[in-house]
Amino acid sequence: MPLPTLLIIGCGSIGERPLRTFLATGRCQAIACDNRPAILAAMAERYRVPTAADWRAALADSGVFAAVVATPAPSHVAIATKILGAKRHCLIEKPLALTLDGMAGLSAAHAASGRAAAIAYVHHFRAEVAAARAFVRAGSFGRVLQASVVSGQDFPFFRPAYREIYYRDRAQGGGAIQDALTHLANLMEWFVGPTAALSCEAGHQALAGVEVEDTVAVTGRTHDGAIVTWSLNQFQAPNETTLQFNAERGSVIVEYHRQRWGRLARGDTDWTWESLPPAERDGPFVAQANAFLDLCAGKPSACATLDEGIQAVRFNLAAFESLRTGRRVEIR
Ligand SMILES: NC(=O)c1ccc[n+]([C@@H]2O[C@H](COP(=O)([O-])OP(=O)(O)OC[C@H]3O[C@@H](n4cnc5c(N)ncnc54)[C@H](O)[C@@H]3O)[C@@H](O)[C@H]2O)c1
């Protein structure tokens, strides 16, 4: 039997990765769609896949069971609403959107579709993160009272073209808040629940050739009462991310840069570490692709939900409002 066909809409710098990693699951075939002919020629040559310039026409193919939206953020909601309206499953790149425009229509299309919708918050699929979250959520240390994430990297090293792409423009999804912090906003909420209110400080500190913020600090409180801080910059030399959760009866820490997580019960003196084998760069993306295919098949999955994606947009909007007004902002 032929494998089901996935449509990848947008094969730019990130869209090529879903194409590559979904093919790596061996569970689907793919059509590469982009409105730039040179990109389509490159995808056809590199991956030997059929291509399409018009996603609407490609979606009408009855063999297409699902689509990935990897176009720039301002177009996500309109495209995803059509995909769900056509009764296809849909995986949407982060951030889901830059405003709440069209969100009610997207939720309604999802509810009426009977199909899966997920947001590509790929940090869920880092092995050390998943293991630590399972431990925290199992509850043996009790309720999380306070949590933090401290994260930074030399962004120009990882995204050398940052000056030329959407990153340079907030209106296209750029800047540290919408492009990078959004992963960590969703991730911390995945551990401790949605943020009820936050305060934000952010600014352009270092990156040459752009004016958007490259440094952010957010302090928030969840609906469950945990106090959470996010600290992120995009210029430091070490590529390091550390999460810490301090609960009633102990603490849990996750260190991306050492592929490990640890726990320390109150009263103990040393961390107990669990180390994971170093992941391939594509590893979490292949895991996310498999999880999305599981979700399409009606199985449980760790993919971020549409509601989480909408909450992450609210988080970004609250961060911008706090920055503008100098006030603490409630997220409704
Ligand atoms: N998950 C991650 O780690 C990660 C990393 C980087 C970017 N992203 C996200 O992925 C999305 C895309 O980012 P990118 O860096 O690949 O951008 P990009 O600009 O390099 O690529 C977008 C592609 O979409 C194509 N496109 C735009 N409109 C289209 C349309 N209507 N039909 C067909 N093709 C169309 C463009 O031609 C381009 O090739 C953004 O939302 C971004 O935030 C996610």
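Below: a short report on this structure.

Here is what the cut-offs are and how they apply
Residues numbered from 1 in each chain as written. Predicted model: local features only at pLDDT ≥ 70, side-chain atom pairs only at ≥ 80, totals over all residues. Heavy atoms only, no water. Helix = DSSP H or I, 4+ residues; strand = E, 2+ residues; numbered from the N terminus. Rg over C-alpha atoms; globule rule 2.2 N^0.38 Å. Buried < 20%, exposed > 50% of the residue type's maximum accessible area, 1.4 Å probe, protein only. Contact = heavy atoms within 4.5 Å. Areas by Shrake-Rupley, 256 points an atom, 1.4 Å probe, with all protein chains shown as cover. Lys, Arg positive; Asp, Glu negative; His and termini not counted. Charge placed at Lys NZ, Arg CZ, Asp CG, Glu CD. Pairing = 2+ DSSP bridges. Axes fitted to C-alpha atoms, helices over the stretch in contact; angles between N-to-C directions.

Moving on, we get to the overall build of the protein. Of the regular secondary structure elements, the protein holds 10 helices and 16 strands. Relative to the compact-globule value of 20 Å for 332 residues, the protein shows a C-alpha radius of gyration of 20 Å, a close match. Along the first, second and third principal axes, the C-alpha set of the protein runs to 60 × 45 × 40 Å. A burial count over the protein gives 51% of its 332 residues as buried. Looking at the protein alone, contacts between residues at least 24 apart form 66% of all its contacts between residues at least 6 apart. Carbon and sulfur atoms make up 52% of the accessible area of the protein, which amounts to about 14900 Å² in all. Charge centroids of the protein, computed over 33 positive and 31 negative side chains, lie 4 Å from each other.

Right, let's talk about helix α1 (residues 16-24) for a bit. Every buried residue belonging to α1 is among Glu 16, Arg 17, Pro 18, Leu 19, Thr 21 and Phe 22, and all of these are buried. Among the structural elements, β1 (5-9), β2 (29-33), α2 (37-47), β4 (64-69), β5 (89-92) and α9 (283-296) are those in contact with the buried residues of α1. Looking one or two residues beyond α1, the residue adopting positive phi is Gly 26, at roughly 70°.

Let us now look at the sheet that holds strand β3 (residues 51-52). The sheet built from seven strands is open, its strands ordered β3-β2-β1-β4-β5-β6-β15 with mixed pairing. Two strands close off the open sheet at either side, each with one partner strand: β3 and β15 (304-305). Relative to β4, β1 is paired through five bridges, and the arrangement is parallel. For Ile 9, the partnering residue across the bridge sits in β4 and is Val 69. Contacts between α1 and the sheet are confined to β1, β2, β4 and β5, with β2 contributing the most and set at about 170° to the helix.

Another point: the sheet that holds strand β12 (residues 250-255). Strand order in the open sheet formed by nine strands is β14-β13-β12-β11-β7-β10-β9-β8-β16, and the pairing between neighbours is mixed. Sheet topology places β14 (272-275) and β16 (329-330) at the edges, where each strand pairs with a single neighbour. Each of β7 (144-152), β11 (240-247), β12 and β13 (260-265) touches helix α6 (residues 127-138); the most contacted strand, β12, lies at about 170° to it. Those strands touched by helix α8 (residues 175-192) are β7, β8 (195-203), β9 (215-222), β10 (227-233) and β11, and its axis lies near 150° from that of β10.

With that settled, consider unusual backbone geometry. The amide bond that connects Lys 94 to the next residue, Pro 95, takes the cis arrangement and shows omega of -20°. Tracing the sequence through the fold places Pro 95 in the loop between β5 and α5 (103-113).

For the rest of this paragraph, the subject is the environment of Gly 298. Along the chain, Gly 298 falls in the loop between α9 and β15. Judged by its relative accessible area of 66%, Gly 298 is exposed. Each C-alpha atom, one on Gly 298 and one on Thr 21, is 21 Å from the other, the two residues being 277 residues apart in sequence.

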